[in-house]
Amino acid sequence: MTAQAEASTTIVARRTPWWRKALRSWQLYVLLTPAVAYVLVFKYWPMFGAQIAFRDYNPVDGFTGSPWVGLEHFTRFVESFQFERLMVNTLTVNALGLLVAFPVPIVLALMVNQLAGDRFKKFTQTVLYALSFISVVVVVGMIFLLFSPRSGIVNNAITAFGGDPVFFMGSPEWFRPLYIGSDIWQNAGFSMIVYLAALTAIDPALHEAARVDGANKWQRMWHIDIPGILPVITILFILAIGNLFNLGFEKVLLMQTDLNLPTSEVIQTYVYKTGLQGAQFSYSAAIGLFNSLINLALLLTFNWVARRANKTSLW
Amino acid sequence: MTTTRPAVETTAPTPEPQALRRHPRQRESGADRAFTVAVTVTLLSAILVILYPLYFVVVASVSEPSAILNGDVWLWPSGFTLEGYARILSDPGILRGFANSVLYTVAGTAVSVATILCGAYALSRRDLFGRTFLMLLFVITMFIDGGLIARYLVVQELGILDTMWAVVLPGAVGVWNLIIARTFFESNVPDELRDAAQLDGANDFRFFWRIVLPLSKPLIALMVMIHLVANWNAFFDALIFLDDENKYPLQLVLRNILIQSEVTAAGGAGAVDSYAAAQRLGELMKYGMIVVSTIPLLVALPFMQKHFTKGALLGAVKS
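About the criteria used
- Residues numbered from 1 in each chain as written.
- Chains lettered and ligands numbered in written order.
- Predicted model: local features only at pLDDT ≥ 70, side-chain atom pairs only at ≥ 80, totals over all residues.
- Heavy atoms only, no water.
- Axes fitted to C-alpha atoms, helices over the stretch in contact; angles between N-to-C directions.
- Helix = DSSP H or I, 4+ residues; strand = E, 2+ residues; numbered from the N terminus.
- Parallel < 35°, antiparallel > 145°, perpendicular 65-115°, else oblique.
- Left-handed = near helix turned anticlockwise from the far one by under 90°.
- Contact = heavy atoms within 4.5 Å.
- Nonpolar A, V, L, I, M, F, W, Y, C, P; charged D, E, K, R; others polar.
- Buried area = accessible area lost by both parts, 1.4 Å probe.
- Salt bridge = Lys/Arg side-chain N within 4 Å of Asp/Glu carboxyl O.
- Polar contact = N/O pair within 3.5 Å; in protein donor to acceptor, adjacent residues only side chain to side chain.
- Core = buried A, V, L, I, M, F, W, Y, C linked by side-chain atoms within 4.5 Å.
- Buried < 20%, exposed > 50% of the residue type's maximum accessible area, 1.4 Å probe, protein only.
- UniProt positions renumbered as here; feature names shortened; annotations may be inferred.
- Expected span 1.5 Å × (residues − 1).
- pLDDT = per-residue confidence, 0-100.

What follows covers the packing of helix α7 (residues 103-114) of chain A against helix α3 (residues 30-61) of chain B. Across the interface, α7 of chain A lies against α3 of chain B with an axial gap of 9 Å and an inter-helix angle of 125°. As the angle between them shows, α7 of chain A and α3 of chain B are arranged oblique. The element α7 of chain A and its partner α3 of chain B pack so that their crossing is left-handed. Along its contact with α7 of chain A, which presents Leu108, Met111, Val112 and Gln114 of chain A, the element α3 of chain B presents Phe35, Val39, Thr42 and Leu43 of chain B.

As structure tokens, then:
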């Protein structure tokens, strides 16, 4: 508590011209101290430490003392034989995932919204998003079990219909469908909630008026519901784009096997392996930074585009 | 559906308003009925497809492994056995993982919720000097990130590598949750209330503790839920920050068994006679472990549901 109080007085002290004002709410600064301490230590310190991407990091000299090497690690990465494969894999799995998975919760929400019976509606809703509480480890574990070549139920079904068993987790071409499919299976229901909330916010008078004019359900959905939730769709889409190079890296890592690496190795799993398992701290930090820059650029670009296009944006 | 649409105009040209209001469903035209049926059927089949894998896992966890291997298990267990569960519940590694997970989840949730509530309340106060700057300090971290390696090195520098704190602290405060909480305080704690409390001599601490928190029960419930689920399911920080297997949380133990397939004759005393038997048990245990690790969350779900719906709304309203 004394440390917190000290920290808050330093904040206060820096703003001497208005110190009276600040001092009056010193208790608020005390309340804020743990959160600020958290971002400083676990967010800003790593940001500061990201400069090792331009240095040859060694533990003795630390973040600021290690020799400066400029863009060496970046050039090494861009020129490495891994570069193209990593870029293609990262972009494909995420862009494909976005294109295929993004519309699903919207369609689900529109459909659930159509249901008349409240009990059935609630049941559907619960079931659809119960799955998002299951951990990634368990979901990937289930994929391994159900798609196992020896005992998995999927291969049992395939052989029952006279086909040959497929070694799903060992085939590069099955990685993306399984990744995206399981993602939809698990998360579509939860993403649906926001759209459902937006749908209930639509003025019922619009529907009433359209009904009087003889519009059927399909027409009302198409001309009232969808335009009504378009701003929400836009915002969530921009956010999804901003995460294009970021999505579900933990799950990718879990789904990797030695055999599906040709499609499943993405930038972040590569950073994890070279950095933490291979101890090439600076090189992998450079790759990670490269990845974050792409993300930020995508987010800013699409936010700008969206603002131009329909006046909806994040800020 | 489009083919039946012409029928709409012919069958319902002059609707009677009073009748409509009383029996909205009777008024449904042919196209509307077809549409409703199509939607219901689609959703029902979606639910079946979604639920079947889960159902199968439960059924398989009590079936004879050889029957699963032969593809005899579809809708009900064949050769009922609880051996898998017996092994799971007597496996020291799994039990330790379970205990560790409980500890990390409780500690992590306590730290996160306390930090977020205090911080968000301060940020919600319009009279907080430097509010915009402080808010920016948090929001920036949503868009810029130091990266995995730097984060690892910082944790190493702090000297908490391979301790419980490495699992609990680095992900403690999500800025998005902080914003949700701040928005809640802004719209649910009226300024007049604070003025009144101030007149009565209550300072900020006292007001926060005695008035704001009791007013914010739905928010607190939501925050506790979010963090319980997130902490229970987390595995990555444990993977990179923990070395000692005795400190592994359940999810990491699960990963090693389900995915890395380290099914060495688990469970000390009753050694398994042969490799084949170990294999057989291993398969059975995998299904059982999925059930055991998921049940705590699914049991809590009906209780959590309304809070999560509210939370999604809170986040959607303003950011």
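After presenting the structure, the write-up continues.
Turning to unusual backbone geometry, a few remarks are in order. Of note, the phi angle at Ala279 of chain A is positive, near 60°, even though the residue is not glycine. As for its position among the elements, Ala279 of chain A is in the loop between α16 (267-277) and α17 (281-310). In this model, Asp162 of chain B sits at a positive phi of 65°, which is unusual for a non-glycine residue. Within the element layout of this structure, Asp162 of chain B appears in the loop between α8 (148-157) and α9 (164-168).

A word on the packing of helix α10 (residues 175-188) of chain B against helix α13 (residues 217-233) of chain B. Residues and elements named next belong to chain B. Packing of α10 against α13 leaves a shortest axis separation of 10 Å and a crossing angle of 170°. As summarised for this structure, α10 and α13 are arranged roughly antiparallel, according to the angle between their axes. Two secondary-structure elements touch here, α10 through Asn177, Ile180, Ala181, Phe184 and Phe185 and α13 through Pro218, Leu219, Leu222, Met223, Ile226 and His227. In terms of residue class, the contact of α10 with α13 is built from nine nonpolar, two polar and no charged.

Turning our eyes to something else, we now look at the interface of chain B and chain A. At the interface, 97 residues of chain B touch 89 residues of chain A. Summing the contributions of chain B and of chain A, the shared interface buries around 8,700 Å²; its carbon and sulfur component is 78%. Interface area lost by chain B to chain A is led by Phe129, Ile149 and Phe205 of chain B, which between them contribute 9%. The interface formed by chain B and chain A contains one salt bridge. Between Asp32 of chain B and Arg220 of chain A there is a salt bridge, with the nearest N and O atoms lying 3.8 Å from each other. Where chain B meets chain A, there are ten residue pairs in polar contact (both at pLDDT 80 or more). For the side of chain B that touches chain A, the element with the highest residue contribution is α3 of chain B, accounting for 18 residues.

Attention shifts here to the nonpolar core. By size, the foremost hydrophobic cluster in this structure holds 172 residues, and its most contacted members are Phe138, Phe185 and Phe236 of chain B. Counting residues per element, this core draws most heavily on helix α11 (residues 172-200) of chain A, at twelve residues. Apart from residues no more than four positions distant in its own chain, Phe185 of chain B is found in contact with Leu117, Ala120, Tyr121, Ser124, Val212, Ser216 and Leu219 of chain B.

Right, let's get into the UniProt feature "transmembrane region" (unreviewed entry) in chain B. Residue and element names in this part refer to chain B. Residues given the UniProt feature "transmembrane region" (unreviewed entry) here are residues 34-55, 102-121, 133-153, 165-185 and 284-304. In the segment residues 102-121, helix accounts for 100% and strand for 0%; the C-alpha atoms at its two ends are 28 Å apart. When the span residues 165-185 is considered, its composition is 71% helix and 0% strand, and the gap between its end C-alpha atoms is 29 Å.

Residue and element names in this part refer to chain B. The end-to-end C-alpha distance of α10, which contains 14 residues, comes to 20 Å, matching closely the 20 Å that a straight helix rising 1.5 Å per residue would cover. The element α10 is largely enclosed, with a buried count of eleven among its 14 residues. Residues of α10 that are buried: Val175, Asn177, Leu178, Ile179, Ile180, Ala181, Arg182, Thr183, Phe184, Phe185 and Glu186.

Let us look at the confidence of the model for chain B. Residue and element names in this part refer to chain B. Confidence in the prediction for chain B averages 80 pLDDT; 81% of positions are at 70 or higher. Here residues 262-272 is modelled with pLDDT under 50, and outside its nearest four sequence neighbours on either side it reaches 17 contacts, counting other chains as well. Scored below 50 in pLDDT, residues 315-319 makes seven contacts in the model with residues more than four places away or belonging to other chains.

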